[in-house]
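# A structural walkthrough
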Amino acid sequence: MSEANPDQTPSTGTAIHIKDLRKSFDGGKDFVLNGVNLEIPKGVVTCIIGFSGTGKSVLLKHILGLMKPTSGTVEILGNDLSGMNMDQLIKMRTRLGVLFQYAALFDDMSVMDNVIFPLREHRKELKLHDMEEIAKKKLAQVGLDPKHFHKLPSELSGGMRKRVGLARALALDPEIILYDEPTTGLDPILTEVVDDLIVETHKAHAGSTSVVISHDLFAAFRISDHIVMLDKGGVLLAGKPDEFLKSENELIKKFLSKGLKQG
Amino acid sequence: MIRVWTDNRERINTAIDDFAGRIFNGLGKFFVDCGKACIFFAQSVVLIFKGPFRWDEIIRHMEFIGNRSVLIIAMTSVFTGMALSYQIFLGFVKVNATNLVGPTVGMGILRELGPVLTGLMVAARAGGAMAARLGTMRVSEQIDALEVMGIDSKQYLVAPRILAAVITVPMLCAIFDFMAMMGSHFLTITVLRQDEAIFWDKISLWLNPGDVYQGLFKAAVFGVCFATICSNRGFNASGGAKGVGEATNQGVVNSMVLIIVLNFFLTNFIRFFYVAMGWR
């Protein structure tokens, strides 16, 4: 077992390094992820795209350490997750921020309490007043009107919940921000707003890495510096948006023609 | 008969195989589930002692399990005490032993009915809510959100619930015991016109603090039992609203069955322990 030190970030250009990742849920008969090799560069917006059922969400859960791989390794900021015990994994996760598909807000807490929650857990040296100030700043950054700060998540619209979820993800100033299908279930106008929010958030957090899991190809081209396409549990192509447009792969051409038409 | 057997041998064999297969599968699943619940419990206990102690969460769950159950416990206990007293009175009247109604009811309530009925009522009310709450948190990714925020979800969600149940259910059991004896007193003295002095005298003669303690001990065990099972079911729920419903249902049913089964073994264990210690 390797000695992992989640506090130390090696000075490489890779935020997430996945090596030969395989995942099977039925004892090796069928692999959802079948040898994924992937490097996600630091400081850019990377979009992981693919058809439904290609293993995007399973890959995200491996990046977050919520699932253990059948084989292969996942390195986050130079630290191998498989070499970490629970305490190290918990510490590592404080360097990540996640916006879940449906925001996953705690429904018994107000908007403000949701954003304060990670601070309360990990920034115990702060006074409540300071935590509230940070929360207000983060909520303002994602464009949420202060009149909603003391509402419960059930009183908010889908778009507002996503904003609160993003503010909560940003509360600890993470080095990597992950977005799980951030525009699913939103109308085209709100989709564009969320896409802009991702770009703005990325710019506002200098040096941070953003990873967006999506099936929305149009959005991927709008916001990403780097795109990874998954197919049949593996990486079909990883590169800059231009490389996708130039690709001669039939599947990519099909995906592009359908995806960009819809966009 | 032989002809029927030979004509349908294939079908009968298949039916027997199916039946046996279902029993073995069911038993296998039962033992696997028990094993998973035990591992879940062991992990939660470790997390209780590992800390950090989340006092605000523990008190919040104590309020939910305890305070909000007081009314139903009080209602159930008074009527149980009265019904039990009446039945015992009707039986004892035949052998002219009505002066023993008090201690007999007391023994039944303190040792058995108090902890068991408290456990069942709280499992149905708080256990069901526990499984539903955790199940909803699981399917709406709130538990995943906790994990990725760097918070041990079991330590935050499960450990305080188990600790709160261990502390609160014996308190509810004590309320049950007291209210049931008040119900018994009301029926025996006020309605059935028995002598109050004899009622209390026989109780003080026949019962001792050990009867109360064993009931409270059982209640604490039942608290652990339903909190662990319901939390485990909810925590591992999957499949949307249907999954949450199933988790809640299974959590409550399994807790209730286990409380009743466990009560028998606990009774024997406590009896053995008391005899071994020379207390009775």
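Predicted model, so just to flag it, every value in this text is computed and none were measured. (Residues numbered from 1 in each chain as written. Chains lettered and ligands numbered in written order. Predicted model: local features only at pLDDT ≥ 70, side-chain atom pairs only at ≥ 80, totals over all residues. Heavy atoms only, no water.)

## Regarding the overall build of chain A
Regarding its fold elements, chain A presents nine helices and ten strands. Within the span of chain A, comprising 263 residues, buried residues form 52% of the whole. Taking the intrachain contacts of chain A between residues at least 6 apart in sequence as the baseline, contacts between residues at least 24 apart amount to 68%. (Helix = DSSP H or I, 4+ residues; strand = E, 2+ residues; numbered from the N terminus. Buried < 20%, exposed > 50% of the residue type's maximum accessible area, 1.4 Å probe, protein only. Contact = heavy atoms within 4.5 Å.)

## Let's talk about the pairing of strand 2 (residues 31–41) of chain A
Residues and elements named next belong to chain A. Both strand 1 (residues 14–24) and strand 2 contribute to a ladder of eight bridges, which runs antiparallel. Among the inter-strand pairings, Lys 23 is bridged to a residue of strand 2, identified as Leu 33. Connecting strand 1 to the next strand, strand 2, in antiparallel fashion are six residues, including Gly 27 with a positive phi near 70°. (Pairing = 2+ DSSP bridges.)

## Examining the nonpolar core
Residues Leu 59 and Ile 76 of chain A are the most contacted members of the largest nonpolar core, which totals 91 residues. Counting residues per element, this core draws most heavily on helix 7 (residues 153–191) of chain B, which supplies 15 residues. If you count residues domain by domain, this core takes at least three from each of domain 1 (12–95 + 174–237) and domain 2 (103–171) of chain A. Not counting the four nearest positions on each side in its chain, Ile 76 of chain A is found in contact with Ala 15, Ile 16, Ile 63, Leu 81, Met 92, Leu 96 and Ile 176 of chain A. Core analysis: the second largest hydrophobic core is formed by 41 residues, Val 115, Leu 166, Ile 198 and Met 229 of chain A among them. (Core = buried A, V, L, I, M, F, W, Y, C linked by side-chain atoms within 4.5 Å. Domains from an automatic or database assignment.)

## Observations concerning the domain arrangement of chain A
All names here are of chain A. By the assigned domains, chain A splits into domain 1 (12–95 + 174–237) and domain 2 (103–171). A straight line from the C-alpha centre of domain 1 to that of domain 2 covers 24 Å. On the side of domain 2, eleven residues touch domain 1, which itself brings 15 residues to the contact. Buried surface at the junction of domain 1 and domain 2, both sides included, amounts to about 950 Å², of which 70% is carbon and sulfur. Three residues, Pro 174, Leu 197 and His 205, lead the burial of domain 1 against domain 2; their summed loss comes to 39% of the area buried on that side. Seen at the junction of domain 1 and domain 2, the total is zero salt bridges. At the boundary of domain 1 and domain 2, one finds two residue pairs in polar contact (both at pLDDT 80 or more). The element best represented in the side of domain 1 that touches domain 2 is helix 6 (residues 188–204), accounting for five residues. (Buried area = accessible area lost by both parts, 1.4 Å probe. Salt bridge = Lys/Arg side-chain N within 4 Å of Asp/Glu carboxyl O. Polar contact = N/O pair within 3.5 Å; in protein donor to acceptor, adjacent residues only side chain to side chain.)

## A closer look at unusual backbone geometry
Residues and elements named next belong to chain A. The backbone of Leu 77 shows a phi angle near 50°, a positive value even though the residue is not glycine. Looking at where Leu 77 falls in the secondary structure, it is placed in the loop between strand 4 (71–76) and strand 5 (79–80). For Leu 77, a relative accessible area of 3% puts it in the buried group. A positive phi angle, near 50°, is found at Lys 232, a position not held by glycine. With relative accessibility at 72%, the residue Lys 232 sits in the exposed group.

## Structural notes on the packing of helix 2 (residues 9–50) of chain B against helix 9 (residues 209–235) of chain B
Residue and element names in this part refer to chain B. Contact pair helix 2 / helix 9: the axes reach a minimum separation of 10 Å and the direction vectors enclose 105°. Viewed along their axes, helix 2 and helix 9 adopt a mutual orientation that is roughly perpendicular. Across the interface between the two elements, Asp 33, Lys 36, Ala 37, Phe 40 and Phe 41 of helix 2 pack against Val 224, Thr 228, Ser 231, Asn 232, Arg 233 and Phe 235 of helix 9. Of the residues contributing to the contact of helix 2 with helix 9, the split by class is five nonpolar, three polar and three charged. (Axes fitted to C-alpha atoms, helices over the stretch in contact; angles between N-to-C directions. Parallel < 35°, antiparallel > 145°, perpendicular 65-115°, else oblique. Nonpolar A, V, L, I, M, F, W, Y, C, P; charged D, E, K, R; others polar.)

## Structural notes on the interface of chain A and chain B
Opposite the 25 residues of chain A that make contact, chain B presents 18 residues. Taken over both partners, the interface formed by chain A and chain B buries close to 1800 Å², and the fraction arising from carbon and sulfur atoms is 55%. In this assembly, chain A and chain B are joined by six salt bridges. Linking Asp 107 of chain A and Arg 133 of chain B is a salt bridge whose minimum nitrogen-to-oxygen distance equals 3.1 Å. Our count for the contact surface shared by chain A and chain B stands at seven residue pairs in polar contact (both at pLDDT 80 or more). Contributing elements (two or more residues each) for the side of chain A that touches chain B: helix 2 (86–93), strand 6 (96–99) and helix 3 (111–122) of chain A. Split by residue class, the side of chain A that touches chain B holds 14 nonpolar, three polar and eight charged.

## What to know about the pattern of salt bridges
Summed over the entire model, instances satisfying the criterion amount to 20 salt bridges over all chains. Here Glu 175 of chain A makes a salt bridge to Arg 95 of chain A, at a shortest N to O gap of 2.8 Å. Residue Glu 175 of chain A is found in the loop between helix 5 (158–170) and strand 7 (176–180), and its partner Arg 95 of chain A is found in the loop between helix 2 and strand 6; the two are separated by 80 residues along the sequence. Assessed through its relative accessible area of 30%, Glu 175 of chain A is described here as partly exposed. With a closest N to O distance of 2.9 Å, Glu 125 of chain A and Arg 123 of chain A form a salt bridge. A network of salt bridges, in which partner residues are shared, links Asp 107 and Asp 108 of chain A together with Glu 57, Arg 60 and Arg 133 of chain B.

## Brief notes about the pairing of strand 3 (residues 45–50) of chain A
Residue and element names in this part refer to chain A. Burial analysis of strand 3 places six of its six residues in the buried class, the great majority of the element. Of the two faces of strand 3, both are covered, the one formed by Val 45, Cys 47 and Ile 49 as well as the one formed by Thr 46, Ile 48 and Gly 50. Note that strand 3 and strand 8 (residues 209–213) share four bridges and pair parallel. Residue Ile 48 lies in a different strand from strand 8, and its bridge partner there is Ile 213. Taken together, the five bridges between strand 3 and strand 9 (residues 226–231) define a ladder with parallel strand orientation. Considered in strand 9, the bridge of Ile 49 is made with Met 229.

## Quick notes on the layout of surface pockets
Quantified by volume, the second largest pocket comes out at close to 640 Å³. Contributing to the lining of the second largest pocket are 25 residues, with Asp 108 and Met 109 of chain A together with Glu 57, Arg 60 and Tyr 156 of chain B lying nearest its centre. Here the element with the most residues in the lining of the second largest pocket is helix 3 (residues 55–65) of chain B; it accounts for six residues. Among the residues forming the lining of the second largest pocket, the class breakdown is eleven nonpolar, one polar and 13 charged. (1 Å grid on protein atoms, 1.4 Å probe; cavity = no way out; pocket = protein on both sides within 12 Å on 5 of 7 lines; lining within 4 Å. Points joined across faces, edges and corners; volume = space filled by probe spheres on them.)

## So, the sheet that holds strand 7 of chain A
What links the strands of a sheet is backbone hydrogen bonding, and the strands pair in either a parallel or an antiparallel sense. Residue and element names in this part refer to chain A. Pairing within the open sheet is mixed, and its six strands lie in the order 6-7-8-3-9-10. The strands lining the two open edges of the sheet, one partner per strand, are strand 6 and strand 10 (234–239). Adjacent strand axes in the sheet meet at a mean angle of 15° when their direction is disregarded. Sheet topology note: the strand 6/strand 7 ladder contains four bridges and is parallel. Opposite Leu 99, over in strand 7, you have Tyr 179 as the bridge partner.

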